[in-house]
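# Observations on the model geometry
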Amino acid sequence: MKKIIISIVWMSILFMPCLLTFCEGGYSLLSFIGIDNGPYLVNLIGILYSLFLLKFHRWLVPDWMRNTVDNLVREDRMPDLD
């Protein structure tokens, strides 16, 4: 049970910044040429962080953690929580 909680918390913290790609805020990166509806710096940071996770996911998330979350997500391999 302890591994399940640690896995869920770590994965949530690790992948939460990926939601930055859906946020808008601050000034547009193209506002210096008069385009106010362009990409935002927050979007750029979120995309770069997502690329970082794609490159180094094996280093940041151990195998046992990936297997634990995978078992929770797939209904046919649901662990016994008792």
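Structure report, in brief. All values derive from a computational prediction rather than experimental measurement.

Calculation notes
Residues numbered from 1 in each chain as written. Predicted model: local features only at pLDDT ≥ 70, side-chain atom pairs only at ≥ 80, totals over all residues. Heavy atoms only, no water. Helix = DSSP H or I, 4+ residues; strand = E, 2+ residues; numbered from the N terminus. Contact = heavy atoms within 4.5 Å. Areas by Shrake-Rupley, 256 points an atom, 1.4 Å probe, with all protein chains shown as cover. Axes fitted to C-alpha atoms, helices over the stretch in contact; angles between N-to-C directions. Parallel < 35°, antiparallel > 145°, perpendicular 65-115°, else oblique. Nonpolar A, V, L, I, M, F, W, Y, C, P; charged D, E, K, R; others polar.

## Here's the deal with the overall build of the protein
Per the secondary structure count, the protein includes 3 helices and 0 strands. The secondary structure elements of the protein, listed N-terminal to C-terminal, are α-α-α. Across the protein, every contact between residues at least 6 apart in sequence was considered, and the portion connecting residues at least 24 apart equals 53%. In the form shown here, the protein has an accessible surface area of approximately 6500 Å², with 67% of it arising from carbon and sulfur atoms.

## Observations regarding the side chain of Ser7
Its location among the elements puts Ser7 in helix H1 (residues 2-15). Sequence-distant contacts of Ser7, defined by excluding residues within four places in its chain, comprise Trp64, Met65, Thr68 and Val69.

## Re the packing of H1 against helix H2 (residues 41-60)
It is the contact of H1 with H2, at a shortest axis distance of 11 Å, that shows an interaxial angle of 150°. Comparing the axis directions of H1 and H2 gives the class roughly antiparallel. Contacts between H1 and H2 involve Trp10, Leu14 and Phe15 on the former and, on the latter, Tyr49, Leu53 and Leu60. The class makeup of the residues in the contact of H1 with H2 is 6 nonpolar, no polar and no charged.

No statement about biological role is implied by the geometric values presented.
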